[in-house]
Amino acid sequence: MNILVTGGAGFIGSAVVRYLIEQTDHRVVNVDALTYAGNLESLTEVEGSERYAFEHVDINNAAQMQAVFERHQPDVVMHLAAESHVDRSIDGPAAFIQTNIVGTYTLLEAARQYWNGLKERAPEKAAGFRFHHISTDEVYGDLEGPEDLFTEETPYAPSSPYSASKASSDHLVRAWQRTYGLPVLVTNCSNNYGPYHFPEKLIPLMILNALAGKALPVYGDGQQVRDWLYVEDHARALVKVALEGEVGETYNIGGHNEKTNLEVVETLCDLLQELVPSERSYRKLITFVADRPGHDLRYAIDADKIERELGWRPEETFETGLRKTVQWYLDNRQWWQRVQDGSYQGERLGSL
Ligand code: NAD
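An account of the accompanying structure is given in this report.

What counts and what doesn't
Residues numbered from 1 in each chain as written. Predicted model: local features only at pLDDT ≥ 70, side-chain atom pairs only at ≥ 80, totals over all residues. Heavy atoms only, no water. Axes fitted to C-alpha atoms, helices over the stretch in contact; angles between N-to-C directions. Helix = DSSP H or I, 4+ residues; strand = E, 2+ residues; numbered from the N terminus. Left-handed = near helix turned anticlockwise from the far one by under 90°. Contact = heavy atoms within 4.5 Å. Patch = residues over 30% accessible without salt bridge, like charges linked within 9 Å, V, L, I, M, F, W, Y side chains within 5 Å. Areas by Shrake-Rupley, 256 points an atom, 1.4 Å probe, with all protein chains shown as cover. Salt bridge = Lys/Arg side-chain N within 4 Å of Asp/Glu carboxyl O. Lys, Arg positive; Asp, Glu negative; His and termini not counted. Charge placed at Lys NZ, Arg CZ, Asp CG, Glu CD. Expected span 1.5 Å × (residues − 1). Buried < 20%, exposed > 50% of the residue type's maximum accessible area, 1.4 Å probe, protein only. Polar contact = N/O pair within 3.5 Å; in protein donor to acceptor, adjacent residues only side chain to side chain. Phe/Tyr/Trp six-rings, centres within 6.5 Å; stacked < 30°, edge-to-face > 60°. Lys NZ or Arg CZ within 6 Å of the ring centre and 35° of its normal. Near = heavy atom within 4 Å. Nonpolar A, V, L, I, M, F, W, Y, C, P; charged D, E, K, R; others polar. Pairing = 2+ DSSP bridges. 1 Å grid on protein atoms, 1.4 Å probe; cavity = no way out; pocket = protein on both sides within 12 Å on 5 of 7 lines; lining within 4 Å. Points joined across faces, edges and corners; volume = space filled by probe spheres on them.

## What to know about the packing of helix α1 (residues 11-23) against helix α8 (residues 231-244)
Then comes step 1: Remark: α1 packs on α8, axes separated minimally by 9 Å, with the N-to-C direction vectors making an angle of 65°. Here the hand of the crossing between α1 and α8 comes out right-handed. Every residue of α8 that contacts α1 at F11, I12, A15, V16, Y19 and L20 is listed here: V231, H234, A235, R236, L238 and V239.

Spelled out as structure tokens, the structure:
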């Protein structure tokens, strides 16, 4: 099959592209605008493959997106391109509205036009066509009680410009099915972590700051709870949903790993102490800083449906996944040092 992946130079998108090229026989076209978060160095393992192609295109460009559809004739679209960092959405929401909402609309229209054309000239291919939209559990807002879980039926209540823009794109995708019959699937996933994660996000930021002997800034009291999923488990789940999920359905994806932010940082400090022993405990670097405005207290996913219906389960526990992640950052200094020399030096974002 021909699989069109948007945002394939990003953290999760590159894991999906690597998985598709290394573990399946499908062809992949990666459509990415290469914003600050896009990095082709995350794809060096696959760039030589005959089954891989890269299109340097912004999903907001309708004419170029139509040309990409015509050139590559996809059977499946996996839409990951987005502005993805909550703190940046607080500092500058415009890019989130543009890419996550208008960009998704533009992509949906390009897909619909292409799919309508397929119905005329290749009805069998049109019948199998799928548009998979990749979203977040943040659209549900935060949970009240310590036992509550987000299910596929939880009402939307986004808190940040990021999550509101993702919620909006989810609504557009579902409306394109209801109104135009476009065959769509939606997934909502919890926090990911793993290799090739841009160092503005909690886990890589803490690893790199700790290695540099810098403060480890924990927002508020660090008691915010997130459900953590290793990125390669997410990539496997996404490919399963894209290829085997039921059209029109939503699947929540989570790792059964609820941790407070403080627990995450302390676990990282202990792992680093074991792998790169330091005379002064890394935990001493933990510094509490002003909380993020509008910070959600707790997210947790009920991933029962995808496990029951598609037989997907995470392979990594938080402990095994975190160990692999820390080891990856220790073994791949060149990747993150180039990112640090370029667009991001570890500064605080989104504090108003
Ligand atoms: P990322 O920020 O690492 O990567 C985003 C990619 O999209 C980059 O390669 C960037 O260049 C590209 N991009 C941005 N704007 C574009 C545009 N206008 N046109 C084409 N490409 C563009 O993001 P990520 O963490 O890999 O997240 C991927 C998707 O998964 C997002 O839709 C995000 O909302 C969702 N998601 C992320 C998480 C998480 O924990 N990171 C969890 C659940 C869902």
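## What about a negative patch on the surface?
Then comes step 1: On the surface, D142, E144, E147 and D148 cluster together into a negatively charged patch.
Then comes step 2: For D142, the position within the fold is in the loop between β5 (130-136) and α6 (161-180).

## Some points on helix α11 (residues 318-331)
Every α-helix carries 3.6 residues per turn, so stepping three or four residues along brings you back to the same face.
Then comes step 1: A rise of 1.5 Å per residue sets the reference length of α11, with its 14 residues, at 20 Å; its end C-alpha atoms lie 20 Å apart and thus fit the reference within 8%.
Then comes step 2: Listing the buried residues of α11 in full gives F318, G321, L322, T325, V326, W328, Y329 and L330.
Then comes step 3: Structurally, α11 contributes buried residues whose contacts are with β7 (191-193), α7 (202-211), β9 (225-230), β11 (258-260), α9 (261-275) and α12 (333-341).

## Examining the pattern of salt bridges
Then comes step 1: Under the counting rule described, the total for this entry stands at 20 salt bridges.
Then comes step 2: The closest approach of N and O atoms between R112 and E109, which form a salt bridge, is 2.9 Å. Taken together, the positions of R112 and E109, both in helix α4 (residues 94-121) and 3 residues apart, correspond to about one turn of that helix.
Then comes step 3: Each of D233, R236 and E315 takes part in a single network of salt bridges with overlapping partners.

## A look at the side chain of R298
Then comes step 1: Relative to the helices and strands, R298 resides in the loop between β12 (286-289) and α10 (304-310).
Then comes step 2: Given a relative accessible area of 7%, R298 falls into the buried group.
Then comes step 3: For R298, the side chain forms a polar contact with the main-chain oxygen of D148, separated by 2.9 Å.
Then comes step 4: The residues contacting R298, other than those within four sequence positions of it, are D142, L143, G145, P146, E147, D148, L149, F150, V225, R226 and E258.

## Topic: the packing of aromatic side chains
Then comes step 1: In this structure the tally under the stated criterion is 16 aromatic pairs.
Then comes step 2: Measuring from centroid to centroid gives 5.4 Å for W328 and W335, while their planes differ by 70°, and the two rings are edge-to-face. The burial state of W328 is the same as that of W335; both residues are buried.
Then comes step 3: R112 extends its terminal NZ or CZ atom over the ring of Y180, reaching a point 3.7 Å from the ring centre.

## Some words on the site of the ligand
Then comes step 1: The environment of the ligand is formed by 30 residues, the closest being I12, D32, S84, Y162 and K166.
Then comes step 2: Take T99: an N or O atom from its side chain is 3.1 Å from a nitrogen atom of the ligand.
Then comes step 3: In this structure, Y162 approaches the ligand through a side-chain N or O atom, which is 2.7 Å from an oxygen atom.
Then comes step 4: Protein burial of the ligand: of its 840 Å² of free accessible surface, 96% is covered by the chains.
Then comes step 5: A class-by-class count of the residues in the shell around the ligand yields 14 nonpolar, 13 polar and 3 charged.

## Comments concerning the sheet that holds β9
Two orientations exist for strands paired in a sheet by backbone hydrogen bonds: parallel and antiparallel.
Then comes step 1: Pairing is mixed across the open sheet formed by 3 strands, whose spatial order is β7-β9-β11. The two strands at the open ends of the sheet, each matched to only one other strand, are β7 and β11. Taken pair by pair, the neighbouring strands of this sheet meet at an average axis angle of 50°, ignoring direction.
Then comes step 2: Here 3 bridges tie β9 to β11, and the two strands are oriented antiparallel to one another. Of the residues in β11, the one forming a bridge with D227 is E258.

## Observations regarding the layout of surface pockets
Then comes step 1: A volume near 310 Å³ is recorded for the second largest pocket.
Then comes step 2: Surrounding the second largest pocket, 17 residues form its lining, A15, Y19, E22, Q23 and E232 being those nearest its centre.
Then comes step 3: Secondary-structure elements contributing two or more residues to the lining of the second largest pocket are α1, α8 and α11.
Then comes step 4: Among the elements that make up the lining of the second largest pocket, the one with the highest residue count is α1 (5 residues).

## Describing the environment of F96
Then comes step 1: Residue position: F96 is located in helix α4.
Then comes step 2: Note on F96: relative accessible area 2%, which makes it buried.
Then comes step 3: The spacing of F96 and Y162 is 66 residues in sequence and 6.3 Å in space, taken between C-alpha atoms.
Then comes step 4: Beyond its immediate sequence surroundings of up to four residues, F96 is in contact with E83, S84, H85, R88, S89, I101, Y162 and S165.

## Remarks on a nonpolar patch on the surface
Then comes step 1: Taken together, the side chains of I97, V102 and Y105 make up a nonpolar region of the molecular surface, amounting to roughly 230 Å² of accessible area.
Then comes step 2: Tracing the backbone through its elements, the reader meets Y105 in helix α4.
Then comes step 3: On the basis of relative accessible area, Y105 is assigned to the partly exposed category, the value being 38%.

These figures come from the coordinates and say nothing about function on their own.
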